[in-house]
Amino acid sequence: MSQELVQILFSRPDQASDKCEVPFSGVERSAPAGKTFYIETFGCQMNVHDSEKVAGALTAKGYRAASNCESADLVLYNTCSIREKAAQKVFTRLGTLKKSQREDQTIGVLGCVAQQEGERIFGRAPHVSLVCGSASYPRLGELIDRLAAGERRVTGLSLDTEDCFETEFTRRDNPFRAYITIIEGCDKSCSYCVVPGTRGPERSRPADRILSEARRLVGAGYTEIQLLGQTVNSYRDPSPARLTFTELLLRVAEITGLKRLRFTTSHPSDFTSDIVRAIEISPVLCDHIHLPVQCGSNRVLARMRRSYTREEYLEHVSCIRSAKRAISISSDVIVGFCGETEEDFEETLSLLDLVDYDQVFSFKYSPRPNTRAGRWENSVPEEEKGRRLAALQERQRQIQLRRNQALIGQELDVLVEAFQPKLGQSVGRTSSNRIVNFPGEAAWAGRYMKVCVTAAGPNSLVGARAEAV
Ligand code: SAH
Ligand code: SF4
Ligand code: F3S
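Residues numbered from 1 in each chain as written. Chains lettered and ligands numbered in written order. Predicted model: local features only at pLDDT ≥ 70, side-chain atom pairs only at ≥ 80, totals over all residues. Heavy atoms only, no water.

Draft legend 1. Geometry of helix α10 (residues 273–281). Looking at α10, one finds that the buried residues are I275, V276, A278, I279 and E280. Turning to α10, the residues buried within the fold contact α9 (245–253), β11 (260–264), β12 (288–290) and α12 (310–321). (Buried < 20%, exposed > 50% of the residue type's maximum accessible area, 1.4 Å probe, protein only. Helix = DSSP H or I, 4+ residues; strand = E, 2+ residues; numbered from the N terminus. Contact = heavy atoms within 4.5 Å.)

Dropping the structure here:
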């Protein structure tokens with residue numbers, strides 16, 4: 001998704017959608033009258049949704065959203081630690097905020113950097129008084145109360161939990177797509193990755209809670225739901241119903257009024273063909289699967305501890321490609337992992353050709369603290385990583401351009417997600433997760449329309465409205 005679109009979609013609190021769920025009655029409002037909060041989010045969709053839940057929990061406590069960090073009584077940064085650059089961002093923000101900080105302003109660091117750095121954050125940024133990782137969000141309200149009662153510094157850093165973060169009120173910042181976390185944490189042990197250490201062990205939410213949240217959201221007017229998890233398809237229902245991931249998908253998809261159901265991120269080791277069958281059966285399930293491969297070389301995959309081979313991955317791809325309706329496939333790729341040779345990299349390029357991906361998110365390997373690979377020699381020089389990344393992105397650009405151009409002349413269903421007034425263009429998204437720009441109106445946002453594709457670039461399509469659906 002383009003940065004611009006992210007800004008349009010994830011509206012500021014003062015522009016938040018009117019589709020927020022209503023807090024349960026009887027919630028204890030413990031915030032001193034008139035206190036405000038501001039939360040800035042970095043990182044993945046799970047973080048985005050965690051922030052929606054944190055904002056909801058604070059609102060239920062009586063806080064109001066401030067429109068900027070300077071005016072807020074409580075400033076929270078929900079952070080990402082996946083790569084070095086991402087982790088640095090919060091320290092830049094904290095540095096800037098320090099210059100304008102009021103005495104009575106409370107600053108908290110949440111998320112993956114909080115969990116990773118823990119109390120060291122207080123050393124680097126003494127103006128911070130709250131450090132809390134996502135596994136401790138169920139205790140966040142209590143931590144904030146302790147600060148309000150006069151404690152100088154509080155932390156929530158335990159990973160020893162079986163709980164998921166349940167709130168009675170979630171502030172929904174995306175007016176069209178509602179997120180539902182179905183599984184938290186990660187039990188895989190990819191050697192390059194901080195997530196198992198920052199988000200804790202895998203915990204699945206009971207299916208009945210997920211289904212009632214989904215029904216509530218559809219009742220509130222949402223037509224698109226996205227189920228979230230770092231390894232979403234590793235979902236294991238802890239309730240007596242013991243629904244499989246695919247059964248859960250189909251149960252959510254049958255909710256009357258729901259038009260689109262997405263899920264991310266699928267892990268290849270837990271990928272089963274019944275997911276493809278479910279997409280074939282249910283038109284509500286979007287025809288898109290995000291299935292990160294990371295690398296095309298078995299030697300590197302083994303060192304990454306990805307627990308599948310190139311051949312096994314390609315079997316999943318042929319299963320998806322043989323589906324009765326076309327399903328787009330996207331992926332994540334890391335270049336320049338420890339010990340990656342030119343031949344290994346060539347194997348990743350050849351895998352891109354074989355799979356013919358619809359979209360690839362690619363990254364230079366970034367050694368991370370508290371990971372196995374973080375202790376290994378970071379053997380590929382930065383310059384070489386840059387060369388490989390550019391070569392991979394160019395190869396994938398050509399693949400996407402060809403695949404997108406093949407859609408010219410077709411009529412596609414889009415959900416209109418935004419309007420660009422300067423261009424007079426509506427921005428829609430296809431079920432396959434492609435962006436289509438077409439002449440439109442601001443009032444069309446939120447509607448489903450048929451659009452005829454007239455031109456295509458590597459990252460988006462251009463079209464014209466065919467008819468309202
Ligand atoms: N759970 C998902 C990925 C979550 S992190 C999965 O297993 O696929 C999102 C992406 O960040 C990963 O897919 C990987 O491509 C990238 N990534 C993770 N750690 C990284 C690191 N140390 N350096 C560079 N990229 C990394
Ligand atoms: Fe990280 Fe691997 Fe877990 Fe994905 S599956 S979050 S890459 S450890
Ligand atoms: Fe980043 Fe944590 Fe998500 S490290 S990618 S915010 S799980």
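Draft legend 2. Structural detail: the pattern of salt bridges. Under the defined criterion, the tally for this structure stands at 43 salt bridges. R93 is the partner of E40 in a salt bridge, and the nearest nitrogen-oxygen pair spans 2.6 Å. Here R93 lies in helix α3 (residues 84–100) and E40 lies in strand β1 (residues 36–41), a separation of 53 residues in the sequence. The class of E40 is buried, set by a relative accessible area of 18%. Note that E382 and K364 form a salt bridge whose closest N and O atoms lie 4.0 Å from each other. Remark: K364 occurs in strand β14 (residues 359–364) and E382 occurs in helix α14 (residues 382–405); sequence separation between them is 18 residues. Residue classification places E382 among the partly exposed positions, given a relative accessible area of 46%. Each of R321, D356, D358, R402, R403 and R434 takes part in a single network of salt bridges with overlapping partners. (Salt bridge = Lys/Arg side-chain N within 4 Å of Asp/Glu carboxyl O.)

Draft legend 3. Inspection of the site of ligand 1 at higher detail. Around ligand 1, a shell composed of 15 residues is seen, among which Y192, Q230, Q294, D332 and S366 lie nearest. Here R83 contributes a side-chain N or O atom positioned 3.2 Å from an oxygen atom of ligand 1. Between ligand 1 and R306 there is a distance of 3.1 Å, counted from an oxygen atom to a side-chain nitrogen or oxygen. In the complex, the protein chains occlude 91% of the 540 Å² of accessible area that ligand 1 would expose alone. Considering only residue class, the shell around ligand 1 consists of six nonpolar, four polar and five charged. (Near = heavy atom within 4 Å. Polar contact = N/O pair within 3.5 Å; in protein donor to acceptor, adjacent residues only side chain to side chain. Areas by Shrake-Rupley, 256 points an atom, 1.4 Å probe, with all protein chains shown as cover. Nonpolar A, V, L, I, M, F, W, Y, C, P; charged D, E, K, R; others polar.)

Draft legend 4. Just the environment of G123, in detail. Here G123 lies in helix α5 (residues 120–124). What makes G123 exposed here is its relative accessible area of 62%.

Draft legend 5. Expanded view of the site of ligand 3. With respect to spatial proximity, the complete set of residues near ligand 3 consists of C44, N47, T79, C80, S81, I82, C112, V195, R199 and Q230. Grouping the constituent residues of the shell around ligand 3 by class yields five nonpolar, four polar and one charged.

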